[in-house]
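One letter stands for each residue in the lines below.
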Amino acid sequence: MPLALLALAVGAFGIGTTEFVIMGLLPEVAADLGITIPAAGHLVSAYALGVVIGAPLLAAATARMPRRKVLIGLMLLFVVGNALSALAPDEHWLLAARFLSGLPHGAFFGVGAVVATGLVAPERKARSVSLMFLGLTIANVAGVPAATLVGQHFGWRITFLGVSAIGLAAIASLALLLPDDRTDAPSTGLRGELGALRSLPVWLALGTTVAGFGALFSAYSYITPMLTDSAGYAETSVTLLLALFGVGATIGNLAGGRLADHSLRGTLFGGLASLILVLALFPVLMAAQWSAALAVVLLGVAAFATGSPLQLMVMEKAAAAPSLASSANQAAFNLANAGGAWIGGLALTAGLGTTAPATAGAALALIGLAVAAVSYAVDTRRTPTPAPHRGRVVASHVPGESETVRVGA
């Protein structure tokens, strides 16, 4: 695998760290700015809103630019957003800075996925995407816990300055390791780029992402009460258990990329079916501490095994605008985050039990599998079947000539 993939992984590590670290620092941020923790929670939504808005718009607006320069520019915007977060004097400044930090998120992963697949042979495309996403999963294992500890002991502002430093390291890596390129994207402008998304297969692929990863976040958003109330873990143990989820996500991401290079559809269907099974078994697995820890790992494996196949499938369905489609898929991931958490919350507040969000997640994963099946059926119907060759031999006798002609097709 090309060393240039390391540069993409460094950027993904920084983005993954800043996205999730705020959740662990809400008490410190709230206390420093004199606001309530629920009000500080709007910082999570501001970042997600930036991702959803920025992913398709930035990808479309930069479609005709060299992708190396686009990635460096997106990471520079990331650095500025996190630096402004560290300097925020009040809640409103910080909300704006978090929104700015989220803008390059989806476009970076979207354009980065296109670059990653262009660096390798066709039979290694999914694996290259999974190696870029490796930075994101490692951020959950090491980056987020370390950044949270730094913020708790030295102040949350130091954390965001540290994330900015990671962004600068990513810029240097991209400049040194990523080859220069001339994008082969269509020169149809913003309207043409957006028009490439007017395709049923693309929207079915995006729908699979929303439902499939909505299933993950329906359960993961409420994993702490499951571990403490159902499995009996102390709150101090939750951080370690969440690191186990990151380990599972890393395993699933790497395995999914390798398997998808052999069978894209098979890996996607298998991953979603595994996610349904794991989430359906959550009420049983959360009955004991050892099985609860196993459930957390398996959740990460099953969910992230589908990440690379979904990303690659969306890119293939919108071949005329792969960067835009790939970035739109990142927006779909964030919609899944918000929608899954909302549905899991409904199940929890309905009094169906602490593990009810996992059961709701199993239902969402089942919907995702159904959408993927419909997508497969649509693709099969649209694929033309080559007509059999029905040529016949006709002898033509012309005075003075003798020839045999094959006609028909």
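Presented here is an overview of the structure given in this document. The model shown is predicted, which means the values in this text are computed figures rather than measured ones.

### Some details on helix α7 (residues 125–154)
- The end-to-end C-alpha distance of α7, which contains 30 residues, comes to 41 Å, matching closely the 44 Å that a straight helix rising 1.5 Å per residue would cover.
- At A139, α7 shows its largest bend, some 55°.
- Two residues or fewer after α7 comes G155, characterised by a positive phi angle close to 105°.

### A few points about the packing of helix α10 (residues 200–220) against helix α17 (residues 322–349)
- Where α10 meets α17, the axes come as close as 7 Å, and the angle between the chain directions of the two elements is 40°. It follows from the interaxial angle that α10 and α17 lie oblique. Handedness of the α10/α17 crossing: right-handed. Only A328, N329, A332, F333, A336, N337, G340, A341, I343 and G344 of α17 make contact with α10, whose side of the interface consists of L206, T209, V210, F213, G214, F217 and S218.
- A breakdown of the residues in the contact of α10 with α17 according to their chemical character gives ten nonpolar, seven polar and no charged.

### Some details on the packing of aromatic side chains
- If you walk through the whole model with that rule in mind, you get eight aromatic pairs.
- Judged by centre distance (5.9 Å) and plane angle (80°), the ring pair of W156 and F160 falls under edge-to-face. With W156 and F160 both in helix α8 (residues 156–177) and four residues apart, the pair spans about one turn of that helix. Across this residue pair, the class does not change: W156 and F160 are buried.
- On the numbers, 4.3 Å between centres and 25° between planes, the contact of Y220 with F245 is stacked. You can see Y220 sitting in helix α10 and its partner F245 sitting in helix α12 (residues 238–260), a full 25 residues away along the chain.
- For F245, a relative accessible area of 4% puts it in the buried group.
- Clustering of aromatic rings is evident, with ring pairs tying together F213, Y220, F245, F304 and F333.

So, how was this worked out
- Residues numbered from 1 in each chain as written.
- Predicted model: local features only at pLDDT ≥ 70, side-chain atom pairs only at ≥ 80, totals over all residues.
- Heavy atoms only, no water.
- Helix = DSSP H or I, 4+ residues; strand = E, 2+ residues; numbered from the N terminus.
- Expected span 1.5 Å × (residues − 1).
- Bend = angle between axes of the 7 residues up to and from the residue.
- Axes fitted to C-alpha atoms, helices over the stretch in contact; angles between N-to-C directions.
- Parallel < 35°, antiparallel > 145°, perpendicular 65-115°, else oblique.
- Left-handed = near helix turned anticlockwise from the far one by under 90°.
- Contact = heavy atoms within 4.5 Å.
- Nonpolar A, V, L, I, M, F, W, Y, C, P; charged D, E, K, R; others polar.
- Phe/Tyr/Trp six-rings, centres within 6.5 Å; stacked < 30°, edge-to-face > 60°.
- Buried < 20%, exposed > 50% of the residue type's maximum accessible area, 1.4 Å probe, protein only.

Geometry only, nothing functional implied.
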